[in-house]
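These are the residues of each chain, in order.
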Amino acid sequence: MQLIVIFRKIILLSLVLVFFEGKSQDTQTPVTIRQITIEGNKHTKEPIILRELSFNEGDTISGEMLSHKIEKSRTNLINLNLFGKIVFNIKNWENDSLDIVISLTERNRFKFAPIFNLADRNFNIWWTDQNRSFKRVQGGALIRFNNAFGLNHTIIGTATFGFAQIFGLEYRMPYINKSKTLGAQYIFEFSQSKQVQYGTTNDKQDFFEGEKFVNRKIELGTKLVLRPKIHNTNTFTASYLHYEVDNTLANQHPTYLLNGRTTVNFFQIGYMYEIDLRDFRYFPKKGLYFRGEIQRNGFGIFKNDINLTRFSLSLSKYEQIGKSQKHLFSHAAKIMLSGPEYQPYVIQRGMGFKQDFVRGNELFQIDGQRFLLIKNEYKYALLDVKLNYLKKLKGKKLGYMPLSLYLGGHFDCGVVTDKANSSTNSLRNKLIYGYGIGLNMVTFYDKVLRLEYSFNQDFNKGFYIHFEVPI
């Protein structure tokens, strides 16, 4: 790896020395950048490219320093994900001045991809409790337009169909200030479903289903993302939400929107702070991650407005032990608090969603207003290779496939406190835990497959499949 870094620096320095007209130059002698020319940017506006450069027209620097600035500028342009090919050429180096020509090849700006989602909380619920019903498979499409207006803005449209319909539109601006520390996003989503969860019995979901759509949700929101340092992110959110249900659902299950309401409207604001020191986000091996979030729902503006505040803190640590670095340990803790206790069921969240669950209890949803969750895992690297190029097409190599296998064990525990839901739920207000073994497979950098066999506090055992890291 060290040889590759040295070799790359030699090449970049050679750009300074080779791509010029005239006699050999002293790399320590200051030179003036006379002109910067950009070629190949058919759609991208020049200011978007120029602000990623570490130098400007009129700058006077040494030839050696120029090579470092070219390397930095090229890295910045690569991170825009707008160009497939980026070449810096130095032209007309005469005495103490030169020109720089940047040749670019733009990527395809349009992306179309199918959507395949399950309506359930996780794969194991669909496989076990829902008997692998294809009625609960949501199909649709995603259309993504990158580099909109040549300003590196992104427009994303999604449409999902099935017994639930979801239509979304998102507009992203990575930078809205000159220093490139502040970005903005705008979000619209409309969804409606013929089936909704209105509660839990014995810590299993209860559903209400109608022949027509029984609930609707509209969300309009915006985000401001402030990133003053590369590892620190501040996210400010503001949204308007509208929930609507039919009369039958409201009459039979009055707690869904609380007090038998058929509509609820409220504003929501939030703040999230993240420190991300992980080496690899999708499957961390070492580092630290911290996240704190506070969210306020309702401000007394609407009739029957919401009154809910939610707060959460989470901390994860990852470490490699031993000279071989094959022994991986990870630990995580999360606490969530919300109140007051009695809220519309549709906006309550206990344990059992996304990564907030105790392994061995994947089939249960534990309703509540507060929870504490602790996760621990040990993994041993059985295999960590990059397979040879898969195949060749017209003499061009298509790339290699990284493949890593980890065998490990885990122990999780947690507790959910609840004062507002059915007393038939036996897992609330008590310590729950789970332990077992698992095999993790990581490929294509962001694709994870976990196969786990776990036991829980009631000595129930099961085989579970997941597609994301547990911690």
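Quick caveat, the model's predicted, so the values are computed rather than measured.

Chemist: Teacher, can you tell me more about the overall build of the chain here?
Modeler: Tallying secondary structure elements over the chain gives five helices and 24 strands in all. Principal axes of the C-alpha set define a box for the chain whose edges measure 85 × 55 × 45 Å. The 471 residues of the chain split such that 42% are buried. Within the chain, contacts between residues at least 6 apart in sequence are counted, and of these 57% link residues at least 24 apart. For the chain, the accessible area works out to roughly 25700 Å², and carbon and sulfur atoms hold 58% of it. Averaging the positions of the 62 positive and the 42 negative side-chain charges in the chain gives two centres separated by 3 Å.

Chemist: What exactly am I supposed to notice about the sheet that holds strand β4 (residues 97-106) here?
Modeler: Backbone hydrogen bonds hold the strands of a sheet together, and the pairing may be parallel or antiparallel. With mixed pairing, the four strands of this open sheet are ordered in space as β2-β1-β4-β3. The open sheet has two edge strands with one neighbour each: β2 (60-62) and β3 (83-94). Across the sheet, the axes of successive neighbouring strands diverge by a mean angle of 40°, strand direction being ignored. Here nine bridges tie β3 to β4, and the two strands are oriented antiparallel to one another. Bridging from a neighbouring strand, asparagine 89 pairs with valine 101 of β4.

Chemist: In this structure, what is going on with the pairing of strand β23 (residues 447-456)? I would like to understand it.
Modeler: Successive side chains on a regular strand alternate, one facing one side of the sheet and the next facing the other. Here β23 shows a clear split, with Val448, Arg450, Glu452, Ser454 and Asn456 buried on one side and none of Lys447, Leu449, Leu451, Tyr453 and Phe455 buried on the other. Pairing of strand β22 (residues 431-443) with β23 involves 10 bridges; the strand directions are antiparallel. Counted as the bridge partner of threonine 443 is lysine 447 from β23. Both β23 and strand β24 (residues 461-466) contribute to a ladder of six bridges, which runs antiparallel. Looking at β24, one finds that serine 454 is bridged to glycine 462.

Chemist: How should the packing of aromatic side chains be read in this particular structure?
Modeler: Each aromatic ring pair is characterised by the separation of its centres together with the angle its planes make. Taken as a whole and judged by the stated rule, the model has 18 aromatic pairs. Between tyrosine 240 and phenylalanine 302, the ring centres sit 6.0 Å apart and the planes meet at 50°, which makes this aromatic pair tilted. Here tyrosine 240 is found in strand β13 (residues 232-245), whereas its partner phenylalanine 302 is found in the loop between β15 (287-297) and β16 (308-321), with 62 residues between them in sequence. Judged by its relative accessible area of 27%, phenylalanine 302 falls in the partly exposed class. Ring geometry for tyrosine 453 versus phenylalanine 455: centroids 5.7 Å apart, planes at 80°, classification edge-to-face. Here the basic side chain of lysine 194 rests over the ring of phenylalanine 213, its NZ or CZ set 5.6 Å away from the ring centre. Between arginine 349 and the ring centre of phenylalanine 353, over which it is positioned, the NZ or CZ distance is 4.3 Å.

About the cut-offs
- Residues numbered from 1 in each chain as written.
- Predicted model: local features only at pLDDT ≥ 70, side-chain atom pairs only at ≥ 80, totals over all residues.
- Heavy atoms only, no water.
- Helix = DSSP H or I, 4+ residues; strand = E, 2+ residues; numbered from the N terminus.
- Buried < 20%, exposed > 50% of the residue type's maximum accessible area, 1.4 Å probe, protein only.
- Contact = heavy atoms within 4.5 Å.
- Areas by Shrake-Rupley, 256 points an atom, 1.4 Å probe, with all protein chains shown as cover.
- Lys, Arg positive; Asp, Glu negative; His and termini not counted.
- Charge placed at Lys NZ, Arg CZ, Asp CG, Glu CD.
- Pairing = 2+ DSSP bridges.
- Axes fitted to C-alpha atoms, helices over the stretch in contact; angles between N-to-C directions.
- Phe/Tyr/Trp six-rings, centres within 6.5 Å; stacked < 30°, edge-to-face > 60°.
- Lys NZ or Arg CZ within 6 Å of the ring centre and 35° of its normal.

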